[in-house]
Amino acid sequence: MAAIHRRGWCDGTGGNFSCVLQRQPLELLMAPSGVDKGSVAPEQLIVVDGSGAVLRGHGRASAETALHLALVSSCGAGAVLHTHSQAGTLLSQHYVPSKAGVAFLDLQDLEMLKGLEGVATHATCVSIPVLGNDQDLARLRISAEPHLAAAPYGLLIAGHGLYAWGNDLPTAQRHLEILEFLLEQHWRQLLLKGITAKHQTRGRVRRHGISHVLLDIEGTTCPVSFVSGTLFPYAAEHLGSFLSEQSRDPQVQDLLAEVEKAWAVDQDPAAQEMRQSKATTGSNGVLQYLQWLINQDRKLAPLKELQGLVWETGYRNGRLQGPLFDDVAASLQRWFADGIRLAVYSSGSVGAQQLIYGYSNGGDLRPLFEHWFDTRVGPKRNESSYTKIAEAFRVPSSQVLFVSDALAECEAAATSGMKVLFSDRPGNPEQESGRFERISSFEDLELNP
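Reading the values: rules and limits
- Residues numbered from 1 in each chain as written.
- Predicted model: local features only at pLDDT ≥ 70, side-chain atom pairs only at ≥ 80, totals over all residues.
- Heavy atoms only, no water.
- Pairing = 2+ DSSP bridges.
- Helix = DSSP H or I, 4+ residues; strand = E, 2+ residues; numbered from the N terminus.
- Contact = heavy atoms within 4.5 Å.
- Axes fitted to C-alpha atoms, helices over the stretch in contact; angles between N-to-C directions.
- Buried < 20%, exposed > 50% of the residue type's maximum accessible area, 1.4 Å probe, protein only.
- Right-handed = clockwise from strand over helix to strand, strands pointing away.
- Phe/Tyr/Trp six-rings, centres within 6.5 Å; stacked < 30°, edge-to-face > 60°.
- Salt bridge = Lys/Arg side-chain N within 4 Å of Asp/Glu carboxyl O.
- 1 Å grid on protein atoms, 1.4 Å probe; cavity = no way out; pocket = protein on both sides within 12 Å on 5 of 7 lines; lining within 4 Å.
- Points joined across faces, edges and corners; volume = space filled by probe spheres on them.
- Nonpolar A, V, L, I, M, F, W, Y, C, P; charged D, E, K, R; others polar.
- Core = buried A, V, L, I, M, F, W, Y, C linked by side-chain atoms within 4.5 Å.

J.: Outline the sheet that holds strand 15 (residues 419-423), supporting the account with residue identities and numerical values.
T.: Sheet architecture is open: six strands sit in the order 13-12-11-14-15-16, paired in parallel fashion. Since the sheet does not close on itself, it has two edges, and those belong to strand 13 (369-373) and strand 16 (438-439), each with one partner. Here four bridges tie strand 11 (residues 212-215) to strand 14 (residues 400-404), and the two strands are oriented parallel to one another. The residue bridging Val213 from the neighbouring strand is Leu401, located in strand 14. Sheet strands in contact with helix 13 (residues 383-393) are strand 11, strand 12 (341-345), strand 13 and strand 14, and its direction is about 150 degrees off that of strand 13. The sheet contacts of helix 14 (residues 407-416) involve strand 14 and strand 15, and relative to strand 15 the element is tilted by about 170 degrees.

J.: So what's going on with the pairing of strand 14? Which residues, and what values?
T.: Burial within strand 14 is extensive, with five of its five residues counted as buried. In this sheet, strand 15 lies alongside strand 14 in parallel orientation, the contact comprising four bridges. When the bridges of strand 15 are listed, Ser404 appears paired with Phe422. Handedness of the crossover joining strand 14 and strand 15 through helix 14 is recorded here as right-handed.

J.: Just give me the short version of the packing of aromatic side chains, but keep the residues and values in it.
T.: In total, this model carries eleven aromatic pairs according to the counting rule given. Relative to Phe402, the ring of Tyr386 lies with its centre 5.1 Å away and its plane at 65 degrees, an arrangement referred to as edge-to-face. Of this pair, Tyr386 sits in helix 13 while Phe402 is found in strand 14, placing the two residues 16 residues apart along the sequence. Given a relative accessible area of 0%, Tyr386 falls into the buried group. Phe402 sits in the buried class, given a relative accessible area of 0%. Linked through ring pairs, Trp263, Tyr289 and Trp292 together constitute an aromatic cluster.

J.: Give a description of the pattern of salt bridges that names residues and reports values.
T.: With the rule as written, the count across this model stands at 20 salt bridges. One salt bridge in this structure joins Glu446 and Arg206, with 3.5 Å as the shortest N-O distance. Here Glu446 is found in strand 17 (residues 445-448), whereas its partner Arg206 is found in strand 10 (residues 205-208), with 240 residues between them in sequence. Relative accessible area serves as the criterion here: at 25%, Glu446 is assigned to the partly exposed category. Note that Glu312 and Arg316 form a salt bridge whose closest N and O atoms lie 2.8 Å from each other. Here Glu312 pairs with Arg316, and both are found in helix 10 (residues 301-316), just four residues apart, close to one helical turn. Using a relative accessible area of 24% as the deciding quantity, one classes Glu312 as partly exposed. Beyond isolated ion pairs, a larger network of salt bridges with shared partners links Arg204, Arg206 and Glu446.

J.: Describe empty space enclosed by the protein, naming the residues involved and giving the relevant values.
T.: A complete count under the given rule lists three cavities of 30 Å³ or more for this structure. Taken together, the elements giving at least two residues each to the lining of the largest cavity come down to helix 6 (224-245), helix 10 and helix 12 (350-358). Its residues assigned to classes, the lining of the largest cavity shows seven nonpolar, six polar and three charged. Empty space within the second largest cavity amounts to approximately 40 Å³. Every residue lining the second largest cavity is listed: Ala301, Lys304, Glu305, Ser347, Gly348, Ser349, Asp374, Thr375 and Arg376.

J.: Let's hear about the nonpolar core: which residues, and what values?
T.: Formed by 58 residues in total, the largest nonpolar core has its most connected members in Leu290, Trp311, Leu332, Trp335, Tyr357 and Phe369. Discounting residues that sit within four places of it in the chain, Tyr357 has contacts with Asp216, Ile217, Thr221, Leu324, Leu332, Val344, Gly363, Asp364, Leu365, Arg366, Phe369 and Trp372. Judged by nonpolar contacts, the second largest core, of 30 residues, contains Cys19, Ala103, Val119 and Leu176.

This is the structure we're talking about:
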């Protein structure tokens, strides 16, 4: 107890601590709820068991005991320290996930990282999980447990502060001091960036520990206007003639059958009115429905594939070309040469993606990509889609860097554990980057496996 007071971490800002007395059966020494943790005497401490019930001492266990027990069981912690420092609390609110789930605060390129157990170089990137606060501590424990084993001896709870741990009390104290320093440094860096942003030119963006880069297309590697201003009008203009010419093609017939099925369950009144008109007149209304979907910007998978087939004709005859941003082709080739594995995730079909890169202004870049994903893997705003993609890569999500111009997609990818950058390209309609660092040119991005 004296050692804790000497370190000064347990002061007027509150907090708590726990130390493992024995593991079989588990006994945890901690301060009771409702006492000043900075002045609590040794005789005031309580001992709780693995369920949080008080075995010895007077008073009741803190509501957050469940989280301490989770750290002991999931991480093998021998001691857990909890603080309400300004830096920890501020950053926990800044990085809090936008919905239920987890976000990550990345720390790298600082010598003090080497004070954490197992970190040998400042170039290591550690990712501190950030969870939303929850008054239901049992539920909070369930949310936290999947992320604890890989956490760098630290966990942030939004608006509540930092939990740090180690094999024993001295190690936990060291980790706490290191993490508090790093958090303090990080929020001051954010402050400096905000103050000097209007005076800064483009700077280098560095990411370590990246094995895979997952790229959006429109607004990230090519202008948004190409899809809405060129591809969609081209498909709408040529779709009717294409269906007439390819009506006996088995692939086209299968896709039209998928469209029919989707149309049958489409609850939109306009869609149902078209369908009833088709049934009454006996005419083929599929083309009318497809044109309506295009005008509504509805992202139906078989429509995307049909559009891709129409676009393929345009690319092959030279009427269409993928207008990649000037920095994209050279950067993709550089990353590929460095051993970074590349993939695409776009709402456009895989076929449409491959056409943009196969007939681009930088040549045929398709051989550079190892994976192609469209919405068949799942919606781009769903965390589960990015989890599936990381599983397809067979690497931890933390080794994947996702780049997109859509904030909701960035949030979903970050919640899955991926590293994220917000694409800030000319003409992009979405300008709010939220908590994510911006990048306006791949020339500024330095990746280290």
